[in-house]
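Overview (structure and organization)
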Protein chains: 2
Amino acid sequence: MHFADRLIQRCHERNSRLVVGLDPHWDRIPASFKRGFAPDDYCGVISGFLTHVIDVTHEHAVAFKPQIAFFEQFGLAGMEALVKVLAHLRVRHCLVLMDGKRNDIGSTAAAYARAFFGQGDQPAGFPSDALTVNAYLGSDGIKPFLQSPNHGIFVLVKTSNPSSGEFQDMKFGSGASLAQTMAAAVRQWNEPTIGESGYGNVGAVIGATYPEHMAALRREMPCSLILVPGYGAQGGSAQAVKAAFNEDGLGALINSSRGILFPAEFEKTGFEAIREAACDAREDINRIVALRDL
Amino acid sequence: MHFADRLIQRCHERNSRLVVGLDPHWDRIPASFKRGFAPDDYCGVISGFLTHVIDVTHEHAVAFKPQIAFFEQFGLAGMEALVKVLAHLRVRHCLVLMDGKRNDIGSTAAAYARAFFGQGDQPAGFPSDALTVNAYLGSDGIKPFLQSPNHGIFVLVKTSNPSSGEFQDMKFGSGASLAQTMAAAVRQWNEPTIGESGYGNVGAVIGATYPEHMAALRREMPCSLILVPGYGAQGGSAQAVKAAFNEDGLGALINSSRGILFPAEFEKTGFEAIREAACDAREDINRIVALRDL
């Protein structure tokens, strides 16, 4: 089924716009959880912890976003953990937005597409429904990811980090910034992929830390899904979250990673604290969306 | 030892400016080589083939550039092959320029740096001397890779693919293109990292397919190593290769992947054909460099 349609359907079913980010910061995985494993069993700890996280949060989440860097940092053991986590996400029928920010020339982008989306009968090594990509190389590096309507991409437009403006806010001769120019390209790439939901398979990443950019970028890409990192831990604002949604109260996916995975209450109530953090985040976002109508 | 100094020393020792790209295109690995393996033994075929390639080319190459996408596409089996190839490169004392084009916010870039460079006593999962990076996110995403003078990065400035101009050639209000602006940032990031060789640890990627850009970008970054893909298979020109070098006949690294890994003569002379392809590529590049002085 068409990626964006499936994702919008999931928003309705769950009454949720929350994406749970799976960023296994080793030092923040509770010591009480690690105790059941050998000290160097990175694969066991990470896949075990995230499997429990998925079990207690999947009813509140539209999708999960594994950040590959936090798996790659453990080498093969980390990649084995990622494969286990992806298998569990599949068992739970969860959507996977892989956060890899991959980018390369056409023939190499095609290899990344095979890695995450598979090709024909060849299953993906790291099966995902969508992938974040960096479009600095232009459309050659984008098209290999759009071979099947069942998969989507989220293109970096305006990132959440403090230095994102160094290049992204620079203005071209036309008066448009690099981020706005990227948004215009996203709109163009997205158009032929729009499904029955009214949304297409080429989305954008826009950080919640830049509320002043969100509304204009949303208008530039009315039919794109916007993946919004940086709300919560990175200091992103409710105003930015509100501006990311369309009038229909849909079209944006708000990611929370650290805020859900590592709540202070874990030491008292264990994974129940993670369930509550996900439930609270979902309701918090829904309240912000409801404010649109006031 | 300081990354750029080590690399320049290697250029002198080998009288070479050649980087051998390790891109295991499955369909191009000779059938005669695959015959010795089980049909789905991706790890065995890839690591076996590339181990032989390294053995016959390392005397001609300054460094090797594994392209991660071509390993990731085989999932865990591919990543296992990458680990084996990296271990063999270490045994052969080869420098590794990992082509991952990684990019992310600071805390995540730090996780990528751990994956490829290690941290303190923690060894890297995929040990590399340098990594290609995409700097769309600005300096936050660059600095985590510059924590040790023993490692370097190559920042995408002007890529070799046909659509690279879509964003990279756009001109800002100042008159400078995005690629030129990126080059100016590379110069700035590079300055505090310059070693005894006169070169620093922040290099640039500039495709040989755009000879008209090369000379100006070389002047903008006189103390940066330039990694040049696209010569040969992608149609890059000798003129671009020439312009990538400084007056000292150093400072550029010319990558060849398909041209060396998959010579037509393999079916006749086997790995000897690969040895000859590397030797010829090295000499071809040295001839172009010598032309500078005429």
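Since the model is a prediction, treat every value here as computed from it, not as a measurement.

Counting residues at the interface gives 58 residues for chain B and 58 residues for chain A. Summed over both partners, the interface of chain B with chain A buries about 4,900 Å², with 59% contributed by carbon and sulfur atoms. In terms of surface lost to chain A, no three residues of chain B exceed Q73(B), Y136(B) and F167(B), which account for 17% of the buried area on that side. The partner of R102(A) in a salt bridge is E72(B), and the shortest N-O contact between them spans 2.8 Å. Inspection of the region where chain B meets chain A yields 33 residue pairs in polar contact (both at pLDDT 80 or more).

The next thing to look at is the UniProt feature "domain: Orotidine 5'-phosphate decarboxylase" (unreviewed entry) in chain A. Feature annotation in UniProt assigns "domain: Orotidine 5'-phosphate decarboxylase" (unreviewed entry) to the following positions: residues 17-273 of chain A. Within residues 17-273 of chain A, the helical portion is 38% and the strand portion 16%, while the C-alpha atoms at the span's ends are 20 Å from each other.

The next thing to look at is the sheet that holds strand β8 (residues 252-256) of chain B. All names here are of chain B. Here 8 strands make up a closed barrel; going around it, the order is β1-β2-β3-β4-β5-β6-β7-β8 and the pairing parallel. The sheet shows a mean angle of 30° between the axes of neighbouring strands, taken without regard to direction. Bridging between strand β1 (residues 18-22) and β8 involves 3 bridges; their strand directions are parallel. Within the sheet, the bridge partner assigned to V19 lies in β8 and is N255.

What follows concerns the relation of the copies chain B and chain A. For these two chains of identical sequence, chain B goes onto chain A by a turn of 180° and a shift of 0.0 Å along the axis, with RMSD 0.0 Å. When the rotation and shift are considered jointly, the pair of chain copies conforms to a two-fold rotation axis. Considering only C-alpha atoms, the part of chain B nearest the rotation axis is F172(B), at 1.9 Å.

Before going further, it helps to examine the packing of aromatic side chains. All names here are of chain A. Applying the stated criterion across every chain yields a total of 29 aromatic pairs over all chains. Measuring from ring centre to ring centre gives 6.0 Å for F49 and F262, while their planes differ by 5°; the resulting arrangement is stacked. Here the residue F49 occupies a position in helix α3 (residues 42-57), and F262 occupies one in the loop between α11 (258-261) and α12 (266-269), the gap between them amounting to 213 residues. For the pair formed by F49 and F262, the shared burial category is buried. Grouping aromatic residues by their ring pairs yields a cluster made of F33, F37, F49, F262, F266 and F271. The positively charged end of K158 is found above the aromatic ring belonging to Y210, 3.9 Å away from the centroid.

For the rest of this paragraph, the subject is helix α9 (residues 211-220) of chain B. Residue and element names in this part refer to chain B. Within α9 the residues assigned to the buried category are H213, M214, L217 and R218. Across the axial projection of α9, the buried residues extend over an arc of 130°, all falling on one side. Exposed residues lying more than 90 degrees from the buried face of α9 are E212 and R219. Taken together, the buried residues of α9 touch β5 (152-158), α8 (178-190), β6 (202-206), β7 (226-228), α10 (238-244) and β8.

Residue and element names in this part refer to chain B. Remark: helix α3 (residues 42-57) packs on helix α13 (residues 271-291), axes separated minimally by 9 Å, with the N-to-C direction vectors making an angle of 50°. When the axes of α3 and α13 are compared, the pair comes out oblique. Considering the relative orientation of α3 and α13, their crossing is right-handed. Mapping the contact onto sequence places F49, H52, V53, V56 and T57 in α3 and F271, I274, R275 and A278 in α13. Its residues assigned to classes, the contact of α3 with α13 comprises 6 nonpolar, 2 polar and 1 charged.

So, about the pairing of strand β6 (residues 202-206) of chain A. Residue and element names in this part refer to chain A. In terms of burial, β6 is largely enclosed, as 5 of its 5 residues are buried. Of the two faces of β6, both are covered, the one formed by V202, A204 and I206 as well as the one formed by G203 and V205. In this sheet, β6 lies alongside strand β5 (residues 152-158) in parallel orientation, the contact comprising 5 bridges. Note that in β6 the partner of K158 across the bridge is I206. As a crossover connection, the stretch from β6 through helix α9 (residues 211-220) into strand β7 (residues 226-228) is right-handed.

Now for helix α6 (residues 106-117) of chain A. Between its first and last C-alpha atoms α6(A) spans 15 Å; for 12 residues at 1.5 Å apiece the expected length is 16 Å, and the two agree. Taken across its 12 residues, α6(A) has 9 buried, putting it largely inside the fold. Among all positions in α6(A), only T108(A), A109(A), A111(A), Y112(A), A113(A), R114(A), A115(A), F116(A) and F117(A) are buried. Looking at the buried side of α6(A), the elements it contacts are β3 (95-102), β4 (130-133) and β5 of chain A together with α4 (69-72) and β3 (95-102) of chain B. Looking one or two places after α6(A), you find G118(A), whose phi comes out positive at around 75°.

Using the criterion set out here, one finds 20 salt bridges over all chains in the structure. For K101(B), the salt bridge goes to D104(A), with nearest N and O atoms at 2.9 Å. Here K101(B) is found in strand β3, whereas its partner D104(A) is found in the loop between β3 and α6 on a different chain. An identical accessibility class is assigned to K101(B) and D104(A); each is buried. Linked by salt bridges that have partners in common, K65(A), D99(A), K101(A) and D104(B) make up one network.

With that settled, the discussion passes to the sheet that holds β6(A). Residues and elements named next belong to chain A. Around the barrel, 8 strands lie side by side as β1-β2-β3-β4-β5-β6-β7-β8; this closed barrel has parallel pairing. The mean angle between the axes of side-by-side strands here comes to 30°, regardless of whether they run parallel or antiparallel. Sheet analysis places β7 next to strand β8 (residues 252-256), joined by 3 bridges and oriented parallel. Looking at the pairing, L227 lines up with L253 of β8.

Our next topic: the pairing of strand β2 (residues 63-66) of chain A. Residues and elements named next belong to chain A. Alternating residues of β2 divide into A63 and K65 and F64 and P66, and every residue in both groups is buried. When strand β1 (residues 18-22) meets β2, the two strands line up parallel, connected through 4 bridges. Paired with V20 across the two strands is F64, which belongs to β2. For β2 and β3, the ladder comprises 2 bridges, and the chain directions are parallel. From the neighbouring strand, A63 faces β3, where its bridge partner is L95.

All names here are of chain B. In this structure, K158 sits in strand β5. Judged by its relative accessible area of 0%, K158 is buried. Considered as a pair, K158 and T209 are 51 residues apart in the sequence and their alpha carbons are 9.6 Å apart. Those residues within four positions of K158 in sequence are excluded, and the remaining contacts are S164, G165, Q168, D169, A179, V205, I206, G207, Y210, H213 and L217. A distance of 2.9 Å separates the side chain of K158 from the side chain of D169, its partner in a polar contact.

Definitions and cut-offs
Residues numbered from 1 in each chain as written. Chains lettered and ligands numbered in written order. Predicted model: local features only at pLDDT ≥ 70, side-chain atom pairs only at ≥ 80, totals over all residues. Heavy atoms only, no water. Contact = heavy atoms within 4.5 Å. Buried area = accessible area lost by both parts, 1.4 Å probe. Salt bridge = Lys/Arg side-chain N within 4 Å of Asp/Glu carboxyl O. Polar contact = N/O pair within 3.5 Å; in protein donor to acceptor, adjacent residues only side chain to side chain. UniProt positions renumbered as here; feature names shortened; annotations may be inferred. Helix = DSSP H or I, 4+ residues; strand = E, 2+ residues; numbered from the N terminus. Pairing = 2+ DSSP bridges. Axes fitted to C-alpha atoms, helices over the stretch in contact; angles between N-to-C directions. Least-squares fit on C-alpha atoms with pLDDT ≥ 70 in both. Phe/Tyr/Trp six-rings, centres within 6.5 Å; stacked < 30°, edge-to-face > 60°. Buried < 20%, exposed > 50% of the residue type's maximum accessible area, 1.4 Å probe, protein only. Lys NZ or Arg CZ within 6 Å of the ring centre and 35° of its normal. Arc of directions from axis to C-beta. Parallel < 35°, antiparallel > 145°, perpendicular 65-115°, else oblique. Left-handed = near helix turned anticlockwise from the far one by under 90°. Nonpolar A, V, L, I, M, F, W, Y, C, P; charged D, E, K, R; others polar. Right-handed = clockwise from strand over helix to strand, strands pointing away. Expected span 1.5 Å × (residues − 1).

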